[in-house]
Amino acid sequence: MSNVKIIGSSVPNMPWQDRPANDNHDAPIWRYTNNPVIGRNPVKGIARIFNSAVVPVDGKFVGVFRAEQVNGIPYIYFGRSEDGINWDIDEEKIPFVDKDGNPAMPIYAYDPRFVKVDDTYYAIWCQDFYGAAIGMAKTTDFKTFTRIENPFLPFNRNAVLFPRKINGKFMMLSRPSDSGHTPFGDIFVSESPDMEYWGHHRHVMGKGSEWWESLKIGGGAAPIETSEGWLLFYHGVAGTCNGYVYSIGGAILDIDNPSIVKYRCENYLLTPEEWYEERGFVPNVAFPCATICDADTGRIAIYYGAADSYVAMAFTNIDDIVAYIKDHSKTNTTDTEIGIR
Ligand code: BMA
């Protein structure tokens, strides 16, 4: 029985594996023993799938997948699964259309998130908009994905929608950046009355004081609503003499005003150490983009991209992860203030 409540649906068939008895990791988060769940060349014409997002639907699972085509250009493909582990990925890209039904394909698209708000599913990704920025589409049937207005000016990445309106407004995290492999970055939150006009931008949290997140951070999975606040799994980046290292971090945001960070874990929750995280197209990357949770048991499955080459999964439960984040919380004023200057 959980002390902390996940405010969400029951997903009794969500993928799950208990924590191995001999697990010495400090944080209560453990990898799926059959990782990676999507390997190289999963579909003809696709070299690698990683940084992808999934949702439960009617007892099954669907997702939007970042697939690197054999010409090196990333795009988003749709996939289905009976169990959330074995995925059937479409051979064709998602055929995005505009509001009149005409083709509206971005030049490239990567790092999608997939979030249900009310009865609509929103895919959010990074694309070219005269520079890297955020693209969005909505669907209700997983067949027609209709583009909606790009929410932010370039340059911006890592947009993550909240799964419900807060105080009557849609809310979205994002990470303003530069045109390259951005060596800086804080998470901001913006609100919208209609999913078209975004404003009331607030700073949520900056790069961390600890080394694992001392270069930049970015939103990860859609925040999970809990009785303690919004549980956010995000990525934190260290800049080493031999390149960037992407780890998974955790924070809890105020339920009514998510620009306020209530707790922020000073330790990483998961850092690259398995072969599929350390070895690949870009080594040393663990990049969370989605979770599946069961409100009844408090179980959480985290989907993350590994080494820009694979999709991997890790598990935790709400009581232990919230307790760990609170026990190791270290916030500063840029975390806890409202975030406007
Ligand atoms: C970021 C994004 C991610 C990628 C990461 C590590 O800037 O491009 O898609 O996983 O770098 O290469």
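**Overview of the site of the ligand**
Every residue lining the ligand is accounted for by Asn-51, Arg-66, Asp-111, Tyr-246, Val-282, Val-285, Phe-287 and Asp-308. The separation between an oxygen atom of the ligand and a polar side-chain atom of Arg-66 is 2.6 Å. Tyr-246 places a side-chain nitrogen or oxygen 3.1 Å from an oxygen atom of the ligand. A total of 300 Å² of accessible area belongs to the ligand in isolation, and the protein chains cover 85% of it. Taken together, the residues of the shell around the ligand sort by class into four nonpolar, one polar and three charged.

**Regarding the sheet that holds strand β5 (residues 88-93)**
Where strands meet in a sheet, backbone hydrogen bonds hold them as pairs that are either parallel or antiparallel. Here we have four strands laid out as an open sheet, ordered β2-β3-β4-β5, and antiparallel in their pairing. Since the sheet does not close on itself, it has two edges, and those belong to β2 (46-57) and β5, each with one partner. Averaged over all neighbouring strand pairs, the angle between strand axes comes to 30 degrees, with direction disregarded. Where strand β4 (residues 74-81) and β5 come together, three bridges link them in antiparallel fashion. Residue pairing for β5: Gly-79 is matched across the bridge by Ile-89.

**Regarding the packing of aromatic side chains**
The description of an aromatic ring pair rests on the distance of the ring centres and on the angle between the ring planes. Taken as a whole, this structure holds 21 aromatic pairs when the rule is applied. Seen from their ring centres, Phe-162 and Trp-230 are 5.1 Å apart, and the 85 degrees between their planes marks the pair as edge-to-face. Taken together, the residues Phe-162 in the loop between β10 (156-161) and β11 (170-176) and Trp-230 in strand β16 (residues 229-240) connect sequence positions 68 residues apart. Looking at Trp-230, the relative accessible area reads 0%, which means it is buried. Three or more aromatic residues link up through ring pairs in this structure, and these residues are Phe-78, Phe-96, Phe-114, Tyr-121, Trp-125, Phe-142 and Phe-145. The ring of Phe-281 has Arg-48 sitting right over it, with the charged end atom 3.8 Å from the ring centre. Geometry around Tyr-75 places Lys-93 over its ring, the cationic atom sitting 4.9 Å from the centre.

Basis of the calculations
Residues numbered from 1 in each chain as written. Predicted model: local features only at pLDDT ≥ 70, side-chain atom pairs only at ≥ 80, totals over all residues. Heavy atoms only, no water. Near = heavy atom within 4 Å. Polar contact = N/O pair within 3.5 Å; in protein donor to acceptor, adjacent residues only side chain to side chain. Areas by Shrake-Rupley, 256 points an atom, 1.4 Å probe, with all protein chains shown as cover. Nonpolar A, V, L, I, M, F, W, Y, C, P; charged D, E, K, R; others polar. Pairing = 2+ DSSP bridges. Helix = DSSP H or I, 4+ residues; strand = E, 2+ residues; numbered from the N terminus. Axes fitted to C-alpha atoms, helices over the stretch in contact; angles between N-to-C directions. Phe/Tyr/Trp six-rings, centres within 6.5 Å; stacked < 30°, edge-to-face > 60°. Buried < 20%, exposed > 50% of the residue type's maximum accessible area, 1.4 Å probe, protein only. Lys NZ or Arg CZ within 6 Å of the ring centre and 35° of its normal.

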